[in-house]
Amino acid sequence: MYKKKLYLFGLVATFMLLIALASSAITAHLTRENLAQSQIAQSLLTEHQQLSSISYRLFKQLTDELIFGKNANQAMVRNKQELIQQSVERIRALEIEQRLALGEKITQGSVEDTDELEALILDIITEFRTIVEANNDTPLNQQARLQELLEVTIDNRFREAINSAVIRQSRVVSATNASIETLNTAIVWFTIGLGVIAGPFIILGCYWLFSALYQPLTVIQSGTRSIASGNYAYRFPENLDKEFSELVKALNDMVIQLSEHEAQAAAYRKELEFEVESRTRELTEANKQLTNIDNKRRQFIADVSHELRTPLTIIRGEAQVTLRQSSVDEDLYRETLSAILEQSVNLSRLVDDLLLLVRAEMSQLKLERESCDIAQVILQLVQAWQRTHADRNITFVSNESNSSALLDVQRFEQAITIILDNALKYSESGTPVELVLSRTDSRYSISVKDNGCGISLAEQEHIFERFVRLNRNGSGVGLGLPIAKAIIEAHGGDITVLSSPGKGATFTIRIPQVLVK
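What you see is a predicted model; the values in this text were computed from it and never measured. (Residues numbered from 1 in each chain as written. Predicted model: local features only at pLDDT ≥ 70, side-chain atom pairs only at ≥ 80, totals over all residues. Heavy atoms only, no water.)

**Q** Give a description of the pattern of salt bridges that names residues and reports values.
**A** With the rule as written, the count across this model stands at eleven salt bridges. A salt bridge links Glu275 to Arg279; its shortest N-O distance comes to 3.5 Å. One end of the pair is Glu275 and the other is Arg279, both in helix α5 (residues 242-324) and four residues apart, which spans about a single turn. With relative accessibility at 30%, the residue Glu275 sits in the partly exposed group. Between Lys485 and Glu489 there is a salt bridge, with the nearest N and O atoms lying 3.9 Å from each other. Here Lys485 and its partner Glu489 are both found in helix α10 (residues 480-490), four residues apart, which amounts to about one turn of the helix. Judged by relative accessible area, Lys485 falls into the partly exposed class, the value being 28%. Residue Glu489 is classed as partly exposed on the basis of its relative accessible area, which comes to 45%. (Salt bridge = Lys/Arg side-chain N within 4 Å of Asp/Glu carboxyl O. Helix = DSSP H or I, 4+ residues; strand = E, 2+ residues; numbered from the N terminus. Buried < 20%, exposed > 50% of the residue type's maximum accessible area, 1.4 Å probe, protein only.)

**Q** Explain a nonpolar patch on the surface to me, using residue names and the numbers behind them.
**A** Together, Val188, Trp189, Ile192, Val196 and Ile197 line one region of the surface with nonpolar side chains, adding up to about 540 Å² of accessible area. The partly exposed category is assigned to Val188, whose relative accessible area is 46%. (Patch = residues over 30% accessible without salt bridge, like charges linked within 9 Å, V, L, I, M, F, W, Y side chains within 5 Å. Areas by Shrake-Rupley, 256 points an atom, 1.4 Å probe, with all protein chains shown as cover.)

**Q** Describe in detail the nonpolar core, supporting the description with residues and values.
**A** Nonpolar side chains in soluble globular proteins generally cluster together in the buried interior. Grouped together as the largest cluster of nonpolar side chains are 49 residues, with contacts concentrated most on Ile374, Ile378, Phe412, Leu435, Phe507, Ile509 and Ile511. Counting residues per element, this core draws most heavily on helix α8 (residues 409-425), which supplies nine residues. For Phe507, the residues in contact, after removing those within four places along its chain, are Ile419, Ile446, Ser447, Val448, Ile455, Ile463, Phe464, Leu481, Thr496 and Val497. Counting residues in hydrophobic clusters, the runner-up holds 30 residues, among them Leu51, Ile84, Ile121 and Val173. (Core = buried A, V, L, I, M, F, W, Y, C linked by side-chain atoms within 4.5 Å. Contact = heavy atoms within 4.5 Å.)

**Q** Describe helix α7 (residues 374-388), naming the residues involved and giving the relevant values.
**A** Given a rise of 1.5 Å per residue, 15 residues ought to cover 21 Å, and the 22 Å separating the end C-alpha atoms of α7 matches this to within 8%. What α7 keeps buried is the set Ile374, Ala375, Val377, Ile378, Leu381, Val382 and Trp385. Buried residues in α7, looked at end-on, bunch into an arc of 160°, giving them a common side. Two or three places before Ala375, at the opening of α7, Asp373 has a side-chain oxygen 3.1 Å from that residue's backbone nitrogen. (Expected span 1.5 Å × (residues − 1). Arc of directions from axis to C-beta. Polar contact = N/O pair within 3.5 Å; in protein donor to acceptor, adjacent residues only side chain to side chain.)

**Q** Which residues make up the pairing of strand β7 (residues 505-512), and what values go with them?
**A** Extensive coverage of β7 is indicated by the burial of six of its eight residues. Where strand β5 (residues 443-449) meets β7, seven bridges bridge the pair, whose relative direction is antiparallel. From the neighbouring strand, Ile446 faces β7, where its bridge partner is Ile509. Examined bridge by bridge, strand β6 (residues 494-499) and β7 share six bridges and lie antiparallel to one another. Across the sheet, Leu498 pairs through a bridge with Thr506, a residue of β7. Where β6 folds back onto β7 in an antiparallel hairpin, the turn is made up of five residues, including Gly502, whose phi is positive at roughly 85°. (Pairing = 2+ DSSP bridges.)

The values reported here are purely geometric and, on their own, carry no functional implication.
Given below as C-alpha cells:
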C-alpha cells in the first residue's frame, strides 16, 4: 500500500514535471520562432534600407551620366545594378520565408510590392537610359521628362515604395515583438499558475507522504518502547501499509516469543525461588534438628553422667566406708556387697536401656517375631500386675475374637509394661486402670487409661524424650517411655498420649495387623 502511495505521488509529480517541461519546450520553440521571425523582419528592414541607399546612389550616378555624358561612371552603375539585384533577391527570399512562417494575412503585399519595387527600379533605370540616348540639347532643368522622372517617379513613387516596405516590416517587427511579449506574459502567468497549483500539491503531497511513512514508524517506535518497558501483552496493529505487514508480523512473533520466554523465565524464577525456599527451609529445619540433636546430645551426656554418678557414688561410698573400718564382721561385708550388687544391677539395666535406644535410633534394633495372640499376651500381663498390685483395679477389655499377629513378644510386653507401670505410678491408689484392645482398618489399637493427675500440653511435647520425668521426686531415670516408643516404632507402629491436668491420661499404641494364615 505504501509503495502504491509512492508510485501515485511519483506519477502525479512526473506528470506535472512533464507538463512543465512540455510548456518550457513549447515556449522555447515559440520564442525561437518569434525571434527568428523578428530576425527576418530586422533583416528585411536592413535590406530595404540598403536597397534604398544603393538605389539612390545608382540614381545619382545615372544623373551624373546625363550631366557628364553617357560614358561616365559606367562601371559603378553596373556594380550598383548588381548590388540592387542581389538585394532584391535577398529581400524576396526573406519575404517568402516570412510568408511561409507567418502566413499570407500578416505578410500580405510584401512579395508583390517587392516585385513592383524591382519593376519600378528597372523602369527608372530604363527611363534614364532613354533620356540619355535621346541626346536632347534642352537644358536638364527644362526637360519635363527628366523632371517627372526625378520628382514624380524617384521622389514620390520610389520613396513611397521603400517607405511602404519599411513600414510593413516595422509592423511585422512590432507584431512579432508583441507576440513575444504576449508569449512571455503567458509564460510568466503560466509559471505562476503552475507554481500556485503545483506548490500546494507538492507541499501537501510531501506532507501526506511523510505522514504516511511517519505514522507507521511512530506506531512501531511507541510499540518497541512499550515492549522494552516490559509490556509483552502489546501487539502491533496489522492494519498498516502492506510494506510494513511483514515487519509487524515479525515484531508480533518476536513479542510472543519474548512473552513466552519471560513467562518461562518467571516460572523458572518461581521454581527456583520455591526450590531455594524449600532448600532453605530444609536446611533451617536440618540445622534446627542438628541443634536439637546437639542439645539433646549434651543433655544426654549430662543426664547419663548424672544417672551414672549416683550408683557409682553409692558403690564407691559403700566400698570406702567398709574399707576404712579396721575390723568388719561378715554381716557388714554382706550388706556392703548387697548394696554394690544392687547398684551394679541398676547400672547394667541403665546401660541396656541406653543401648536399646541407640540401636533403635540407628534402625539396628532386632526383633524376634513370632505368631501370637495380642489379647492373650495383654491378658497375661494384666493378671500378673493385678496379683502384684492387689489394691488396684486393673481391667482389660477386648472385643476381638481373632487378634493374631507377628510380634516380638518380649519387646512388646516390655512396652506394655512400661506404660502400665507409669499408669499405676502416676495415679492414686484405689483408682482403676483400664486396657482396651480394638482394631481399626488394618491396625490394632491398645489403649491404657488411668485416672491420675494428668499431663500438661507442655509436658506432652517432651514426654517421649530421654531422661524426662513427669515427677522429679519419683523413681526411674526417664527412659521408659522413649524405650516403649522405640519398640512400638520398630514394629511399624506409633504411640500417642491424650491427657489434660487432673483428668488422667490415655496412652494409645497402634501397630499394623499381621494375620497368620
